[in-house]
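Reading the structure
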Amino acid sequence: MTPTLQVDRNGHALAMLRIGVGLFFLIFGEYKVFGTQFALGGGFEFWIHKFLEGGAYPFMEPVLRNFVLPHATPIAFAVAYGEFCIALGLVLGILVRPASMAGLTLMLVMLFSSDYPGVHAPLWQYFGASLSHSVFALCFVAFLIGSADEVWSVRKWRASTKKSRHVGF
């Protein structure tokens, strides 16, 4: 297998993963952005209270209780539009690195807010409890390290159309 073919396969694999994660975030974000239940109907506060009942790491409890809940509505809008923007960035291949940094930050905040297995849990349960957020976090790390926007992206498409317009002139 030639190195060029391997790079193309890796680029396509990373693009498929990028778009797949983007589609998940599109599902997560669209109902929050286009509906009112999450940001204005108590949905966000419901989840924060649920996290405080037993899912939050101890160091996150005061943050959730003393900062997030008192500012629940603006933070809920930030989460909703943040997820939606992450989705658009990943699906379209626009600003993939900033979208991935935002996604990684969101996943770490979610992990520490909701995936605590308890003080006496064995080490492996910490990893098991975090799967819903740590797997996405690892995807975002891959998008940050790799060139996730080299294949199937608006950025690459725009660059190729600009190049084709200037050829022969």
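Residues numbered from 1 in each chain as written. Predicted model: local features only at pLDDT ≥ 70, side-chain atom pairs only at ≥ 80, totals over all residues. Heavy atoms only, no water.

Moving on, we get to the overall build of the protein. Scanning the protein for helices and strands turns up eight helices and zero strands. Across the protein, helices and strands are ordered from the amino to the carboxyl terminus as α-α-α-α-α-α-α-α. The principal-axis extents of the C-alpha atoms in the protein amount to approximately 65 × 40 × 20 Å. For the protein, the residues scored as buried account for 37% of the 169 residues in total. In the protein, the share of contacts with a sequence separation of at least 24, taken over all contacts with a separation of at least 6, comes to 75%. For the protein, the exposed surface amounts to about 10100 Å²; the carbon and sulfur share of it is 71%. A gap of 14 Å separates the mean positions of the 12 positive and 9 negative side-chain charges of the protein. (Helix = DSSP H or I, 4+ residues; strand = E, 2+ residues; numbered from the N terminus. Buried < 20%, exposed > 50% of the residue type's maximum accessible area, 1.4 Å probe, protein only. Contact = heavy atoms within 4.5 Å. Areas by Shrake-Rupley, 256 points an atom, 1.4 Å probe, with all protein chains shown as cover. Lys, Arg positive; Asp, Glu negative; His and termini not counted. Charge placed at Lys NZ, Arg CZ, Asp CG, Glu CD.)

Let us look at a nonpolar patch on the surface. Judged by side-chain polarity, Leu88, Leu92, Ile94 and Leu95 come together as a nonpolar surface patch covering roughly 340 Å² of accessible area. By the secondary structure assignment, Leu88 is in helix 4 (residues 72-92). Residue classification places Leu88 among the partly exposed positions, given a relative accessible area of 37%. (Patch = residues over 30% accessible without salt bridge, like charges linked within 9 Å, V, L, I, M, F, W, Y side chains within 5 Å. Salt bridge = Lys/Arg side-chain N within 4 Å of Asp/Glu carboxyl O.)

At a closest axis distance of 10 Å, the pairing of helix 2 (residues 43-52) and helix 3 (residues 61-68) adopts a crossing angle of 150°. Between helix 2 and helix 3, the interaxial angle falls into the category roughly antiparallel. When you trace helix 2 past helix 3, the crossing you get is left-handed. Each of Phe44, Ile48, Phe51 and Leu52 in helix 2 lies in contact with helix 3, whose residues at this interface are Glu61, Leu64, Arg65 and Val68. Among the residues making up the contact of helix 2 with helix 3, the classes are represented as six nonpolar, no polar and two charged. (Axes fitted to C-alpha atoms, helices over the stretch in contact; angles between N-to-C directions. Parallel < 35°, antiparallel > 145°, perpendicular 65-115°, else oblique. Left-handed = near helix turned anticlockwise from the far one by under 90°. Nonpolar A, V, L, I, M, F, W, Y, C, P; charged D, E, K, R; others polar.)

We now examine unusual backbone geometry. Positioned with a positive phi, Leu95 is a non-glycine residue whose angle comes to about 50°. Take Leu95: it is sitting in the loop between helix 4 and helix 5 (96-114).

What follows concerns the environment of Leu17. Summarising the element assignment, Leu17 is placed in helix 1 (residues 3-34). The class of Leu17 is partly exposed, set by a relative accessible area of 36%. A sequence separation of 33 residues divides Leu17 from Lys50, and the C-alpha atoms of the two residues are 31 Å apart. Ignoring sequence-local partners within four residues, the contact set of Leu17 consists of Cys139 and Phe143.

Here we take up the confidence of the model for the protein. Confidence in the prediction for the protein averages 92 pLDDT; 92% of positions are at 70 or higher. Per-element confidence in the protein is highest for helix 3, whose mean pLDDT is 98, and lowest for helix 8 (residues 154-166), whose mean pLDDT is 75. (pLDDT = per-residue confidence, 0-100.)

It is worth spelling out the pattern of salt bridges at this point. Using the criterion set out here, one finds four salt bridges in the structure. Where Glu150 meets Arg155, a salt bridge forms, and the shortest distance between an N and an O atom there is 2.7 Å. Under the relative-accessibility criterion, Arg155 is labelled partly exposed at 35%. A single network of salt bridges, built from pairs that share partners, joins Asp149, Glu150, Arg155 and Lys156.

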